[in-house]
Amino acid sequence: MIRKLGFYPGCVMSAEQYAYEMSIREVLPDLGVELVDLENTSCCGAPLRSVNLLMQMYLSARNIAVCEEKGLDMFVPCALGHLSLVETKNRLNNSKELREKIVKKLKENEGLEYRGDLEIYHTVDLLHDVIGVERIKEKVSNPVKWKIACHYGCHTIRYTEAGRPDAAEHPSKMEEIIKAIGGETWNYSEKLNCCGAPLMVTHKEAALTKTGEKLKAVKDRGFDALAIVCPYGGRLLDGKQEKAGSTIGEKLDVPVFYLTQLVGLAVGRNPDRLGLNLNLSPVDRLI
Amino acid sequence: MMGLTDLFNMSKPEGDKQKELIRQLAVLGVKNPSLCFQCAKCTSGCEAMKLLELQPHSVMASVKTGFLDEMMNSDVIWACVGCFKCKERCPQEMSPVDVMFILKNWYVMSGGSLPGDYQNLLQGILSTGYIQEPVEVLDKDNKGWSREKLGLPKRGHPKNINGFMSALSQLAAEKL
Ligand code: SF4
Ligand code: SF4
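Residues numbered from 1 in each chain as written. Chains lettered and ligands numbered in written order. Predicted model: local features only at pLDDT ≥ 70, side-chain atom pairs only at ≥ 80, totals over all residues. Heavy atoms only, no water.

Looking now at the domain arrangement of chain B. In many analyses, interface size is given as the accessible surface area lost on bringing the parts together. Segmenting chain B into domains produces domain 1 (15-109) and domain 2 (118-173). Between the C-alpha centres of domain 1 of chain B and domain 2 of chain B there is a distance of 31 Å. (Domains from an automatic or database assignment.)

For a regular strand, side chains alternate in direction, first toward one face of the sheet and then toward the other. Residues and elements named next belong to chain A. Because side chains alternate across strand β6 (residues 225-228), one face comprises the buried residues Ala225 and Ala227, and the other comprises Leu226 and Ile228, equally buried. Relative to β6, strand β5 (residues 148-151) is paired through 4 bridges, and the arrangement is parallel. What sits directly across from His151, in β6, is Ile228. Here β6 pairs with strand β7 (residues 256-258) via 3 bridges, running parallel. Residue pairing for β7: Ile228 is matched across the bridge by Tyr258. (Buried < 20%, exposed > 50% of the residue type's maximum accessible area, 1.4 Å probe, protein only. Helix = DSSP H or I, 4+ residues; strand = E, 2+ residues; numbered from the N terminus. Pairing = 2+ DSSP bridges.)

Here we come to the site of ligand 1. Taken together, 14 residues lie near ligand 1, and Cys36(B), Cys39(B), Ala40(B), Cys42(B) and Cys90(B) sit nearest. In the shell around ligand 1, the residues fall into 10 nonpolar, 3 polar and 1 charged. (Near = heavy atom within 4 Å. Nonpolar A, V, L, I, M, F, W, Y, C, P; charged D, E, K, R; others polar.)

To continue, consider the domain arrangement of chain A. All names here are of chain A. Domain parsing of chain A yields domain 1 (3-121) and domain 2 (141-285). One C-alpha centre belongs to domain 1, the other to domain 2; they are set 24 Å apart. For the pair domain 1 and domain 2, the summed buried area comes to about 2,400 Å², and 66% of that belongs to carbon and sulfur atoms. With a closest N to O distance of 3.5 Å, Glu16 and Arg235 form a salt bridge. Among the secondary structure elements, those contributing two or more residues to the side of domain 1 that touches domain 2 are α1 (11-15), α2 (18-27) and α4 (79-94). Here the residues of the side of domain 1 that touches domain 2 are counted per class, giving 16 nonpolar, 4 polar and 5 charged. (Buried area = accessible area lost by both parts, 1.4 Å probe. Salt bridge = Lys/Arg side-chain N within 4 Å of Asp/Glu carboxyl O.)

What follows concerns unusual backbone geometry. Of note, the amide linkage connecting Arg158(A) to Tyr159(A) takes the cis form, showing an omega dihedral of 0 degrees. As for its position among the elements, Tyr159(A) is in the loop between α7 (154-157) and α8 (173-180). The backbone of Ala40(B) sits at a positive phi, close to 70 degrees, despite the residue not being glycine. Positive phi outside glycine occurs at Phe84(B), with the angle close to 65 degrees. Tracing the backbone through its elements, the reader meets Phe84(B) in the loop between α6 (68-72) and α7 (85-89). Taking the relative accessible area as the measure of exposure, Phe84(B) reaches 1% and is therefore buried.

The next point concerns the confidence of the model for chain B. Residues and elements named next belong to chain B. Taken over all residues, the pLDDT of chain B has a mean of 93, while the share at 70 or more is 95%. Per-element confidence in chain B ranges from a low mean pLDDT of 70 for helix α1 (residues 4-10) to a high of 98 for α7. Scored by ipTM, the complex comes to 0.96, with pTM at 0.96. (pLDDT = per-residue confidence, 0-100.)

All names here are of chain B. Inspection of the secondary structure assignment puts Ser95 in the loop between α7 and α8 (96-109). Classification of Ser95 as buried rests on a relative accessible area of 2%. Each C-alpha atom of the pair Ser95 and Lys85 lies 9.3 Å from the other, and the pair is 10 residues apart in sequence. Setting aside residues up to four positions removed in sequence, Ser95 forms contacts with Val30 and Lys87. A polar contact is formed between the side chain of Ser95 and the side chain of Asp98, at a distance of 2.7 Å. (Contact = heavy atoms within 4.5 Å. Polar contact = N/O pair within 3.5 Å; in protein donor to acceptor, adjacent residues only side chain to side chain.)

So this is what it looks like as structure tokens:
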């Protein structure tokens, strides 16, 4: 079965977190998902929530409309972007007033038709619910036999009312995937803690402290590595690990992988095509 | 030409701010803050409490008692990480995080200067559609990699950038 999805990259992955994008493009076709690039995309608006909620919702709605033009369901690998799009879709369904305002602006200014009746998937539900753990398991040729901690990120699991890829308080889909590809994993007390990334805009030191504390917990709990599913998180947890360490006065050396990189390694994709040379944390130690 | 700040200014709340807050929350599908019974469950799990002393239940208390101007102009609401734990866990289905989003929006509308890097994010979106442009990243050996060098396709961008900008400027001058 081939499932065709509109691929919405968002800001951070497409501007710098290339390892996530490369591993997605390398792994998904092999698992029966064909990705279709969208030409008219923009920011999802999530970074502007504090500045102007109408702008946020307009931006989310316009990207939904861009995908709907192609008649496709959508894949949004960024947790912030996924929440913003899904939430906007719900809000426009629930408020006639809001819907009319946004739909009119989309049409008049950009000639976009908004319907809001597509499915929007994130990496976690795409791998777990659409592709399925069994299917991934069948493909494994090179199990990753490490102890891997899972980090969902705030927006992957909250808030429930919006409809999220996994449960808010006891998410388990990433763990099931890690086990299917040969890894070992368990719950740890800091699993639901925030990585601090959204604070980089206004409170850099606090953001890096949160990143450092999260990574220290992963290390102290005896894991070999951390798996993530959000490019905002990756920017700090992988990209700013040294700085996060010096902020909390610790030496941090936790290999951080995107979940799609781990799946790619397990199903035997070429490591060069998974962007592993771009991870700044010490992933080489394991591969 | 009017700057974006002037446009924001046109949508600032006037009159009874408490009524306006309740109305705007309802547009978002969020309940009236008067139902908050101050159990502080939101604060006990708040991701910004320890480091930045944010207490979402206190924000709710101020809002309930009408100290909206004070709250909207206070730095503390900008400490919210936006983790949505308060909204998820509130037994009364309140949403301190959404209350703070609205208050921050009002602060901006009333001419308050954008804190931190927000000005850059906004400028980026208004000029290219994104908060940041693709960069050449360095790997561990200091070798540079662009999208092109990695074989990644060009990313999409708003085709009608004038229409795109005009929609956003119009919305800046409107009320939620
Ligand atoms: S917002 Fe909810 S959790 Fe927080 S104090 Fe009020 S009722 Fe309790
Ligand atoms: S969303 Fe903000 S106020 Fe609510 S728990 Fe998270 S950091 Fe605290």
